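Now for the letters of each chain:
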Amino acid sequence: MGSLRFKARGQTDVGQVRSVNQDSFLVDEKDLLFIVADGMGGHAGGEIASRQCIDEIRSYLRKHHRVFTEQGPLRESQIAATLSNSVNHASSRIYEHALEEPSLRGMGTTATVVKILNGKAYWAHVGDSRLYLIRSGYLYQMTFDHSLVNEQLRAGIITPEEAEMHHLKNVITRSVGYQEEEDVDTNGFVLEEGDRLVLCSDGLHGKVSDEELSNIVKESGVHAVSQLVDLANRRGGEDNITAIVIEIQESGTSAR
Ligand code: CA
């Protein structure tokens, strides 16, 4: 396999209804680190939690950067563990922050984190933001939504139609910062030339179908972010909207 190169773009938008944007995102093309965080909590708690989450994860990974250059058989699992630890580090720091400032009690955030290293995408995930892989015309949702509705759907308690209309659609079952520690899902996969990754908050994936998402990203690559945000806004934009698109290209091929 030749070496790969990466092109990425992210965008966030307050939407059409809310007065504050509680989503935050990171596109770090140098460290190949990408994060979407969707905060919750009143009195500025949501924006603070999502911003702090990203800052804590980034600084934790910089401090533990050696795991990304070490060799050896345990390496892959160590990378996944480090990503998971970075999310829990953020969780404990946000939790402590809320203890110090009573007006921030109960704040939390989702976190979907992607680290690209040696041709692989490693990810860690808590909450109902999502990571998608678009490959050879197919769209794969890599993360599982930690939401009440999704867990009821999986358990067969409700139908997909009921899930679509559910009044508790926004309730998540895991979050970063609401408690000191959380179960973090992690995994990794080998990237191929032509792959596109999408990270987004529920303000986007709740408004744009998988098929639309796939078509727009296939057509426009990183330029899809603004089109996707516009589409979610045209459909009501009741929630904050965030999207990151990453294009994976063979080194030497030209970017569009
Ligand atoms: Ca949201």
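The rules behind these values
Residues numbered from 1 in each chain as written. Predicted model: local features only at pLDDT ≥ 70, side-chain atom pairs only at ≥ 80, totals over all residues. Heavy atoms only, no water. Helix = DSSP H or I, 4+ residues; strand = E, 2+ residues; numbered from the N terminus. Rg over C-alpha atoms; globule rule 2.2 N^0.38 Å. Buried < 20%, exposed > 50% of the residue type's maximum accessible area, 1.4 Å probe, protein only. Contact = heavy atoms within 4.5 Å. Areas by Shrake-Rupley, 256 points an atom, 1.4 Å probe, with all protein chains shown as cover. Pairing = 2+ DSSP bridges. Axes fitted to C-alpha atoms, helices over the stretch in contact; angles between N-to-C directions. Core = buried A, V, L, I, M, F, W, Y, C linked by side-chain atoms within 4.5 Å. Donors = N, O, S within 2.8 Å, 3.2 Å for Na, K, Ca; no water. 1 Å grid on protein atoms, 1.4 Å probe; cavity = no way out; pocket = protein on both sides within 12 Å on 5 of 7 lines; lining within 4 Å. Points joined across faces, edges and corners; volume = space filled by probe spheres on them. Nonpolar A, V, L, I, M, F, W, Y, C, P; charged D, E, K, R; others polar. Parallel < 35°, antiparallel > 145°, perpendicular 65-115°, else oblique. Left-handed = near helix turned anticlockwise from the far one by under 90°. Disulfide = S-S within 2.5 Å.

Chemist: An account of the overall build of the protein is requested, with residue identities and associated values reported.
Modeler: When its secondary structure is counted, the protein shows seven helices and 11 strands. Its C-alpha radius of gyration of 18 Å places the protein within 12% of the 18 Å reference for a compact globule of 256 residues. Seen through its principal axes, the protein has C-alpha atoms that stretch 50 × 40 × 35 Å. Burial analysis of the protein (256 residues in total) assigns 51% to the buried set. In the protein, the proportion of contacts linking residues at least 24 apart, taken out of those at least 6 apart, comes to 70%. Carbon together with sulfur atoms contributes 47% to the accessible area of the protein, which is approximately 11900 Å² in total.

Chemist: So what's going on with the sheet that holds strand β11 (residues 241–250)? Which residues, and what values?
Modeler: Sheet strands associate in pairs through backbone hydrogen bonding, adopting either a parallel or an antiparallel arrangement. If you trace the five strands from one edge of the open sheet to the other, you get β1-β11-β10-β7-β8, paired in antiparallel fashion. For this open sheet the edge positions go to β1 (4–13) and β8 (138–141), each flanked by a neighbour on one side alone. Ignoring which end each strand starts from, the neighbouring axes of this sheet average 20 degrees apart. As judged from the five bridges shared by strand β10 (residues 196–200) and β11, these two strands associate in the antiparallel manner. Bridge pairing in β11 places Arg196 opposite Glu247. Across the face of the sheet, helix α6 (residues 210–220) comes into contact with β7 (130–135), β8, β10 and β11 while running at roughly 60 degrees to β7.

Chemist: Can you break down the nonpolar core residue by residue, with the values?
Modeler: Ile35, Cys53, Ile57, Leu61, Val87, Val113 and Val176 are the most contacted members of the largest nonpolar core, which totals 28 residues. For this core, the elements supplying multiple residues, two or more each, are β3 (33–40), α1 (45–63), α2 (75–100), β5 (111–117) and β6 (120–126). Beyond its immediate sequence surroundings of up to four residues, Cys53 is in contact with Ala90, Ile94, Thr109, Thr110, Ala111 and Val176. Residues Tyr132, Val198, Leu228 and Ile241 belong to the second largest nonpolar core, which totals 19 residues.

Chemist: Give a description of the coordination of the calcium ion that names residues and reports values.
Modeler: Around the calcium ion, the protein contributes the donor atoms Asp38 (OD), Asp38 (OD), Asp202 (OD), Asp239 (OD) and Asp239 (OD), which lie 2.3 to 3.2 Å from the metal centre. Each donor residue of the calcium ion lies on the same chain, and together they follow the pattern D-x163-D-x36-D. Of this pair, Asp38 sits in strand β3 while Asp202 sits in helix α5 (residues 202–205), placing them 164 residues apart in sequence. With respect to class, Asp38 is no different from Asp202; both count as buried.

Chemist: An account of the layout of surface pockets is needed here, citing residue identities and associated values.
Modeler: Taken as a whole, the largest pocket spans an internal volume of roughly 990 Å³. Taken together, 36 residues form the lining of the largest pocket, with Asp128, Lys169, Asn170, Asp202 and His205 sitting closest to its centre. Elements supplying a minimum of two residues to the lining of the largest pocket: β3, α3 (148–154), α4 (160–165) and α5. Here the residues of the lining of the largest pocket are counted per class, giving eight nonpolar, 15 polar and 13 charged.

Chemist: Requested: an account of the packing of α6 against helix α7 (residues 224–234), with residues and values cited.
Modeler: Axes are the key here: two packed helices are described by the angle between their axes and the distance separating the axes. For the pair α6 and α7, interaxial distance at closest approach is 9 Å and the crossing angle is 150 degrees. One way to sum up the angle between α6 and α7 is to call them roughly antiparallel. When you trace α6 past α7, the crossing you get is right-handed. Across from Glu212, Leu213, Ile216, Val217 and Ser220 in α6, the residues of α7 making contact are Ala224, Gln227, Leu228 and Leu231. Looking at the contact of α6 with α7 residue by residue, the class counts come to six nonpolar, two polar and one charged.

Chemist: Can you break down the state of the cysteines residue by residue, with the values?
Modeler: Such a bond, covalent and formed between the sulfur atoms of two cysteines, is termed a disulfide. Enumeration over the complete set of coordinates arrives at zero disulfides. For the unlinked cysteine Cys53, the closest cysteine sulfur is that of Cys200, found at 16 Å. In this structure Cys53 comes out as buried when scored by relative accessible area, which is 0%.

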